[in-house]
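Descriptive analysis of the structure
These are the residues of each chain, in order.
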Amino acid sequence: MHEIHDYGFYVPNYLKIKTKLDGLQNFKLRKYQKDFIKFIQGIKGPKRIIVLKPRQAGFSTLCASYFAHKMFTEEHYNGIAMADKHDRTQAIGNIYRTYLNELPDLLKPMIAINNSEQLLLDNPNEKLRNKRAGLSSGMIFETANDPNAGRSSSRLFAHLSETAFYRYHKEIDDGIQNSIPLSSNTCIIKESTANGRAGIGKSFYDLWNNAKSGDSIYQAFFVAWYEVDDYYIRPDNSFKLEKNEKELIKENPQINHGNLLWRRLKLKEYQNGDSSEANSILSPEERFLQDFPHNDVTAFLSTGAPVFNQMKLSLLINVL
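From a predicted model like this one, the values you see are computed outputs, not experimental measurements.

1. Re the pattern of salt bridges
When the charged atoms of two side chains lie near each other, side chains of opposite charge can form a pair. Inspection of the entire model under this criterion finds 14 salt bridges. Measuring nitrogen to oxygen at the nearest pair gives 2.9 Å for the salt bridge that ties glutamate 269 to lysine 266. With glutamate 269 and lysine 266 both in helix H8 (residues 257-271) and three residues apart, the pair spans about one turn of that helix. Classification of glutamate 269 as partly exposed rests on a relative accessible area of 48%. Between aspartate 291 and arginine 287 there is a salt bridge, with its nearest N and O atoms 4.0 Å apart. With aspartate 291 and arginine 287 both in helix H10 (residues 284-291) and four residues apart, the pair spans about one turn of that helix. An identical accessibility class is assigned to aspartate 291 and arginine 287; each is buried. Put simply, Lys53, Glu162 and Glu191 are held in one network by salt bridges that share partners.

2. Remarks on the side chain of histidine 69
Mapped onto the elements of the fold, histidine 69 is located in helix H3 (residues 59-73). With residues near it in sequence (within four places) discarded, histidine 69 still touches Ile4, His5, Asp6, Tyr7, Tyr10 and Val11.

3. Some words on helix H2 (residues 31-41)
The complete set of buried residues in H2 reads Tyr32, Gln33, Phe36, Ile37 and Ile40. Looking straight down H2, one finds that the buried residues subtend no more than 145° of arc, so they occupy a single side. Residues Lys31, Lys34 and Lys38 are exposed on H2 and point more than 90 degrees away from its buried face. For H2, the elements touching its buried residues are helix H1 (7-14), strand E3 (47-52), H3, strand E9 (187-192) and strand E10 (219-222).

4. Thoughts on the packing of aromatic side chains
Taken as a whole and judged by the stated rule, the model has 23 aromatic pairs. Ring plane angle 15° and centroid distance 4.9 Å describe the contact between tyrosine 77 and phenylalanine 157, whose orientation is recorded as stacked. Residue tyrosine 77 is found in the loop between H3 and strand E4 (78-83), and its partner phenylalanine 157 is found in strand E8 (residues 157-161); the two are separated by 80 residues along the sequence. When its relative accessible area of 0% is taken as the criterion, tyrosine 77 is described as buried. Phenylalanine 157 sits in the buried class, given a relative accessible area of 0%. Cluster of aromatic residues (ring-pair linked, three or more members): Trp225, Tyr226, Tyr231, Trp262, Phe288 and Phe292. Sitting over the ring of tyrosine 77, lysine 70 keeps its end group 5.3 Å from the ring centre. Taking the ring centre of tyrosine 270 as reference, the NZ or CZ of arginine 287 above it sits at 4.0 Å.

5. Describing the confidence of the model for the protein
For the protein, per-residue confidence averages 89 on the pLDDT scale, and 91% of positions sit at 70 or higher. Low confidence marks residues 313-320, where pLDDT is under 50. Its contacts with residues over four positions away, or in another chain, come to four contacts.

6. As for the sheet that holds strand E7 (residues 137-143)
A sheet is described by the order of its strands in space; here eight strands give the open sequence E5-E6-E7-E4-E8-E9-E3-E10, paired in mixed fashion. Each edge of the open sheet is held by one strand with a lone partner, namely strand E5 (113-114) and E10. Where strand E6 (residues 118-121) lies against E7, four bridges are found, and the strand directions are antiparallel. Across the sheet, residue glutamine 118 finds its bridge partner in E7, namely isoleucine 140. Each of E3, E6, E7, E8, E9 and E10 touches H3; the most contacted strand, E8, lies at about 165° to it.

7. Here's the deal with helix H6 (residues 202-213)
Residues spaced three or four apart along an α-helix face the same direction, because each turn holds 3.6 residues. Given a rise of 1.5 Å per residue, twelve residues ought to cover 16 Å, and the 17 Å separating the end C-alpha atoms of H6 matches this to within 8%. When H6 is considered as a whole, its buried residues turn out to be Phe204, Leu207, Trp208 and Ala211. The buried residues of H6 occupy one face: seen down the axis, they fall within an arc of 105°. In this structure, the buried side of H6 is in contact with E3, E9, E10 and helix H11 (296-299).

8. Digging into the nonpolar core
In summary, soluble globular proteins display a tendency toward joint burial of nonpolar side chains. Counting residues in hydrophobic clusters, the biggest one holds 63 residues, and the most contacted among them are Phe36, Phe59, Met71, Phe72, Tyr96, Tyr99 and Ile189. Among the elements that make up this core, the one with the highest residue count is H3 (nine residues). Setting aside its immediate chain neighbours within four residues, phenylalanine 59 contacts Tyr32, Phe36, Val51, Lys53, Glu191, Phe221 and Val223. Core analysis: the next-biggest nonpolar cluster, separate from the first, contains 22 residues, Ile50, Ile80, Ala164 and Leu207 among them.

9. Thoughts on unusual backbone geometry
One non-glycine residue, serine 136, lies in positive phi territory at about 55°. Topologically, serine 136 is positioned in the loop between E6 and E7.

10. Quick notes on the packing of H2 against H3
Look at H2 against H3: their axes get within 11 Å of each other, and the N-to-C directions meet at 40°. Put simply, H2 runs oblique to H3. Crossing handedness for the pair H2 and H3: right-handed. Where H2 approaches H3, its residues Tyr32, Gln33, Phe36, Ile37 and Ile40 are matched on the opposing element by Phe59, Leu62, Cys63 and Tyr66. Here the contact of H2 with H3 is built from residues that sort into eight nonpolar, one polar and no charged.

Here is what the cut-offs are and how they apply
Residues numbered from 1 in each chain as written. Predicted model: local features only at pLDDT ≥ 70, side-chain atom pairs only at ≥ 80, totals over all residues. Heavy atoms only, no water. Salt bridge = Lys/Arg side-chain N within 4 Å of Asp/Glu carboxyl O. Helix = DSSP H or I, 4+ residues; strand = E, 2+ residues; numbered from the N terminus. Buried < 20%, exposed > 50% of the residue type's maximum accessible area, 1.4 Å probe, protein only. Contact = heavy atoms within 4.5 Å. Arc of directions from axis to C-beta. Phe/Tyr/Trp six-rings, centres within 6.5 Å; stacked < 30°, edge-to-face > 60°. Lys NZ or Arg CZ within 6 Å of the ring centre and 35° of its normal. pLDDT = per-residue confidence, 0-100. Pairing = 2+ DSSP bridges. Axes fitted to C-alpha atoms, helices over the stretch in contact; angles between N-to-C directions. Expected span 1.5 Å × (residues − 1). Core = buried A, V, L, I, M, F, W, Y, C linked by side-chain atoms within 4.5 Å. Parallel < 35°, antiparallel > 145°, perpendicular 65-115°, else oblique. Left-handed = near helix turned anticlockwise from the far one by under 90°. Nonpolar A, V, L, I, M, F, W, Y, C, P; charged D, E, K, R; others polar.

In structure tokens, the structure reads:
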């Protein structure tokens, strides 16, 4: 069954995801997700990737599908998944466990451990492993609230989610990178929404810029909000563009009226939504630009109560 080693065949046929509206479904990749897999597969040598994404873009699910496919079909493919908060780590763990639990029986590897802290794909009877070994693949799940997270063991991959929000970014980075050799079968993916240009988010911002300029082993992949299929609501015939929307389309011709109707409703949500200190500093329009950027400049809007308009400053800097 050589097809099982083909990601493009294996994932849409055998991996299932829990969707918000339709329950358990086969994972059918969308265009931007297919583009990302093509991007990964095109990297020669060690894969080190930083992803800048809008909120709720399905990238944790996508990255998990890439690593799960290899973990379920290759021997000794071990790794780690981590997020900034415990509940996010658990949510990512649930994605991997759903993939595993919902596999067809004929494709399901032997499972020695399957819990909230670890997956181990091996013969559950340790005494019989010498006679009938499993894949000896697996992963652990940790949370980035500990500077020592990710230091133990050696591994081939790391799925690091919302890394712009890691308080101990440098310490965790050192631990992860020292546990993963620089070899062609290794992969580290850091996927996150932006968290400003200073403070906790500065490390992610700096790495993104270094990756973009070619000064890092990491390679940059950006997803604009309007590329995500869910960010669309069909407008009726009464829909008319506002001035700022016309400017947005002029700058980004790929944006359609359905995207803009969704954007209008999201802005209204922000007017009555989260009033935490960081978010209350930003206007609804600025929050949208940060959470749902159309380019990587708008993604890194400062959240520190700047004196000058950050969007205008960024545009001026780019012109100069």
